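Analysis of the macromolecular model
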Amino acid sequence: MSRTRAILVTSALPYANGPIHIGHLVEYIQTDIWARFQKMRGHRCYYVCADDAHGTPIMLRARQEGISPETLIARVAEEHRADFADFRIGFDNYHSTHSPENRYFACLIYQRNLEKGHIASRVITQAYDPVEQMFLPDRFIKGECPKCGAPDQYGDNCEACGASYSPAELKNPRSAISGATPEQRESQHFFFRLGDFEDMLKAWTASGSLQREVANKLGEWFDAGLQEWDISRDAPYFGFEIPDQAGKYFYVWLDAPIGYMASFKHLCDRTEGLSFDEFWAPGSTAEVYNFIGKDIIYFHALFWPAMLHGADFRTPTAVFAHGFLTVDGQKMSKSRGTFIKARTYLDHLNPEYLRYYFAAKLGPGVEDIDLNLEDFTARVNADLVGKLVNIASRCAGFLSKRFDGRLSGEVADPELFASFVRAGESIADAYERRELSRAARDVMGLADRANQYIDERAPWVVAKQAGRDRELQDICSMGLNLFRLLIGFLRPILPGTAEAAEAFLRIPPLTWDVLPEPLVDHEIAPFKPLMTRVEPAQIAAVLEASREDLASQDARKTKPHETRTEGHLVREPIGETIELADFARVDLRVARIAAAEAVDGADKLLRLTLDLGGETRTVFAGIRTAYRAEDLVGRSTVMVANLAPRKMRFGISEGMVLAAGPGGSEIYLLGVDAGAEPGMRVR
RNA sequence: GGCUACGUAGCUCAGUUGGUUAGAGCGCAGCACUCAUAAUGCUGAUGUCGGUGGUUCAACUCCACCCGUAGCCA
């Protein structure tokens, strides 16, 4: 085998503002599998991560809860650590960006870049909240879209019409924190001159550090021209104050990736013989890999290597981006219960399932992956329980009952065993290239072969014939030796199952280089089920609990806020008072949705056929961003029945259905309690 | 809107530089088996490879346009 490599692996730092959910886990599981594989190969591989603990949202959240930011991030860090540990994410160190190490490196990197003239400074004009006495990030300014007039839009772009603009262009802008009208104020900011690094970045990109699609994306950014990056924020801010610049703080995105170094330094300081410089000095031959989501490519493929280079550190060997997770083909949704927190999953399901399922779908590219819950159940049960674990289960009984758990002195089918060992090299190759789905597929192909072997040799027939004891022992020993190889191959993906299997086989933790040595004349422990099947009821429970999470969260959120300045009533105040007669003019009826279909050429519209118990109406409803047509059929809702028909490009709309919410995925159609019949008037 | 990807059997996905009848797993149908957590083995059916044009002796694979999906636009 090749030389021993020194490898440092990181996952992106989760924000210390909320819980880990299964979308996050795609990345941690992918990285963990890769790191475990490298360790199993005998390389010196370190996997570090940290909480990303700075920034305005954390400051505000802490204030809202009436605690210090430090208390908030300590609590969240605790939860994150527990979630990761239970999913068997095997960090060698988990640190925080709010740490002395990170302050040291953030300041060092800034200072060195400053000395070389890569930091500029100038005065900019920015929105300021006079009540809260703070500058407002774009996402904390809301107002009406300057293009289409849609209310309640964020400061950068409009969710209704898709227009992009600057916060200054918003009509009737308000601070999302206090509700006050923002003022424009001047402030001095510091900028990282990214343009200084264009040649260096182009060379770095060309050196194969990025996936093809990502390199394409960078080419686009190069063509557009690299602009300066604002790395400072004004007080009040939760972060590190910039040296010699009182009241100015490093923007959270400056010190976040530096957290990789800080976490590693923290590990080095506690680990005999582990040298920080071996990994981070310029010209280091150690490998450094950053696993990230595709949404943060910009920071990791441009700013991060440029900052490092400007501060005389080595740049990452490669940055690996992955896609997002969808559940049942759609974005994770709180209302559907598919916004599943790590803890909620763990309450009901074995983490090994999800590790395997993600592995079975992950490739080296940036494509999104889908968690199809039906497929998840079928795949885990068929592959892991039916094929893999079953091999051990069907051999173990004979060995313990008839041979005191002792394996034969030789391998019954050396050819077959050797073919498995050979396949291991190609599987290792798949792991190395992050083709986890290929690795999983190949191992399952081998599991099929193992089951075929057992079927061909029919130990249950041999067992009933006198004088064939030795043969029976050979067959079952062979089966277990194949099982041992499969477990070895899957160990990076299924560390918990592998551990249990190792206990069963009474062997030390498997490494890749011991795999070709079969177990002979060896005693095993009595067999215990290594993994149980996924029950559809468990999946249902996870979805149900995820919906409950939302409900309790809502209750928590709205109550203390009633007197606060944020909320629906602030965003959209209650209208002027009307008389009962005014209301009576609106004829509301219970309507059953008899049919629903997407409207071609309109990505927001559904064509609904409403049954009013005597007549039917066609209504075009702008709810497609939140509902699938097939999910609506059969539901009852409320419609305005005497609304003047309106001609639309797609036909005539004969009324409207009632729904709440700001739009996008947050649209909530009104429902009616059981018993209400189509056509009944609502008053 | 611009850009980057993706769109292959009911489902989840493979298909290397264009080349004989397009593959796997799950699901489905039938048969076998009963050692095993009803777990396994064998056999079989199923696809105008998103659409339309084009290049070519030959295209799922290349090109153009269109449709749909996802993301990015600092």
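See the structure above.
These numbers were taken from a predicted model, which means no experiment stands behind them. (Residues numbered from 1 in each chain as written. Chains lettered and ligands numbered in written order. Predicted model: local features only at pLDDT ≥ 70, side-chain atom pairs only at ≥ 80, totals over all residues. Heavy atoms only, no water.)

Let's talk about the overall build of chain A
Regarding its fold elements, chain A presents 21 helices and 27 strands. Sorting the 683 residues of chain A into buried and exposed places 51% on the buried side. Counting contacts in chain A only where the partners sit at least 6 residues apart, residues at least 24 apart contribute 74% of the total. Accessible area for chain A stands at about 31,000 Å²; split by element, carbon and sulfur atoms hold 49% of it. (Helix = DSSP H or I, 4+ residues; strand = E, 2+ residues; numbered from the N terminus. Buried < 20%, exposed > 50% of the residue type's maximum accessible area, 1.4 Å probe, protein only. Contact = heavy atoms within 4.5 Å. Areas by Shrake-Rupley, 256 points an atom, 1.4 Å probe, with all protein chains shown as cover.)

Topic: helix 13 (residues 414-432)
When the terminal C-alpha atoms of helix 13 are compared, their 27 Å separation across 19 residues agrees well with the 27 Å that a helix rising 1.5 Å per residue should span. Turning to helix 13, its buried residues are Leu 416, Phe 417, Phe 420, Gly 424, Ile 427, Ala 428, Ala 430 and Tyr 431. Downstream of helix 13 by one or two residues, Arg 434 has phi in the positive range, about 65 degrees. (Expected span 1.5 Å × (residues − 1).)

Some points on the protein's contact with RNA strand B
Around RNA strand B, a shell composed of 41 residues is seen, among which Asn 216, Glu 220, Tyr 298, Lys 361 and Asn 390 lie nearest. Near the protein, within 4 Å, the atoms of RNA strand B are sugar or phosphate in 73% of cases. Here Gln 452 contributes a side-chain N or O atom positioned 3.2 Å from a phosphate oxygen of RNA strand B. For the surface near RNA strand B, the secondary structure elements donating two or more residues are helix 6 (212-224), helix 12 (373-403) and helix 14 (436-457). Among the elements that line the surface near RNA strand B, the one with the most residues is helix 12, at 13 residues. Looking at the surface near RNA strand B residue by residue, the classes come out as 13 nonpolar, 10 polar and 18 charged. (Near = heavy atom within 4 Å. Polar contact = N/O pair within 3.5 Å; in protein donor to acceptor, adjacent residues only side chain to side chain. Nonpolar A, V, L, I, M, F, W, Y, C, P; charged D, E, K, R; others polar.)

Points about helix 12
Compared with the 45 Å implied by 1.5 Å per residue over 31 residues, the 42 Å span of helix 12 between its first and last C-alpha is a close match. A bend of about 50 degrees at Asn 390 is the largest found in helix 12. Positive phi appears at Asp 404, one or two residues downstream of helix 12, with a value of about 55 degrees. (Bend = angle between axes of the 7 residues up to and from the residue.)

Let's talk about the pairing of strand 2 (residues 44-51)
Among the eight residues of strand 2, seven are classified as buried, and the element is accordingly described as predominantly covered. Taken together, the five bridges between strand 1 (residues 6-11) and strand 2 define a ladder with parallel strand orientation. In the strand pairing of strand 2, Thr 10 is matched with Val 48. Crossover handedness for the path strand 1 to helix 1 (residues 22-40) to strand 2: right-handed. (Pairing = 2+ DSSP bridges. Right-handed = clockwise from strand over helix to strand, strands pointing away.)

So, the nonpolar core
Counting 174 residues, the largest nonpolar core has Phe 264, Trp 280, Phe 376 and Phe 483 as the members making the most contacts within it. Here this core takes 13 residues from helix 12, the largest share from any one element. The residues contacting Phe 376, other than those within four sequence positions of it, are Tyr 345, Leu 349, Tyr 353, Leu 354, Tyr 357, Leu 371, Val 534 and Ile 539. (Core = buried A, V, L, I, M, F, W, Y, C linked by side-chain atoms within 4.5 Å.)

Looking at the sheet that holds strand 8 (residues 171-175)
If you trace the three strands from one edge of the open sheet to the other, you get 7-6-8, paired in antiparallel fashion. Each edge of the open sheet carries a strand with a single partner, namely strand 7 (153-154) and strand 8. With two bridges connecting them, strand 6 (residues 141-144) and strand 7 associate as antiparallel partners. Bridging across to strand 7, Lys 142 finds its partner in Tyr 154.

Focus on the pattern of salt bridges
In the structure shown here, the tally under the stated rule is 39 salt bridges. Across the pair Arg 88 and Glu 352 runs a salt bridge, and its minimum N-O distance is 2.7 Å. Here Glu 352 lies in helix 11 (residues 351-361) and Arg 88 lies in the loop between helix 3 (69-86) and strand 3 (93-96), a separation of 264 residues in the sequence. Classification of Arg 88 as partly exposed rests on a relative accessible area of 32%. Taking the relative accessible area as the measure of exposure, Glu 352 reaches 1% and is therefore buried. A single salt-bridge network, built from bridges that share partners, covers Asp 429, Arg 433, Glu 435, Arg 438 and Asp 442. (Salt bridge = Lys/Arg side-chain N within 4 Å of Asp/Glu carboxyl O.)

What to know about the sheet that holds strand 13 (residues 287-293)
Two orientations exist for strands paired in a sheet by backbone hydrogen bonds: parallel and antiparallel. Spatial strand order, 3-2-1-13-14: five strands in an open sheet with parallel pairing. The two strands at the open ends of the sheet, each matched to only one other strand, are strand 3 and strand 14 (318-322). Strand after strand, the sheet turns through a mean of 25 degrees between neighbouring axes, direction not considered. Relative to strand 13, strand 1 runs parallel, the two sharing five bridges. Each residue of the ladder has a partner; that of Leu 8, found in strand 13, is Val 288. Across the sheet, helix 7 (residues 252-270) touches strand 1, strand 2, strand 3 and strand 13, and the angle it forms with strand 3 is around 125 degrees. (Axes fitted to C-alpha atoms, helices over the stretch in contact; angles between N-to-C directions.)

Side note on the side chain of Gln 126
You can see Gln 126 is positioned in strand 4 (residues 119-129). Assessed through its relative accessible area of 18%, Gln 126 is described here as buried. Contact partners of Gln 126, with chain neighbours within four places excluded, come to Phe 135, Leu 136, Glu 183, Gln 184, Arg 185, His 189 and Asp 234.

Quick word on the environment of Asp 138
Along the chain, Asp 138 falls in the loop between strand 5 (134-135) and strand 6. Along the backbone, Asp 138 and Gln 126 are 12 residues apart, and their C-alpha atoms lie at a distance of 9.3 Å.

Digging into the environment of Glu 220
Mapping Glu 220 onto the fold places it in helix 6. Relative accessible area serves as the criterion here: at 46%, Glu 220 is assigned to the partly exposed category. Sequence-wise, Glu 220 and Asp 51 are 169 residues apart; in three dimensions their C-alpha atoms are separated by 31 Å.

Topic: the environment of His 348
Turning to its location among the elements, His 348 is positioned in helix 10 (residues 342-348). Taking the C-alpha atoms as reference points, His 348 and Val 619, 271 residues apart in sequence, are found 41 Å from one another. The residues touching His 348, leaving out its near neighbours within four places in the chain, are Gln 538, Ala 541, Val 542 and Ala 545.

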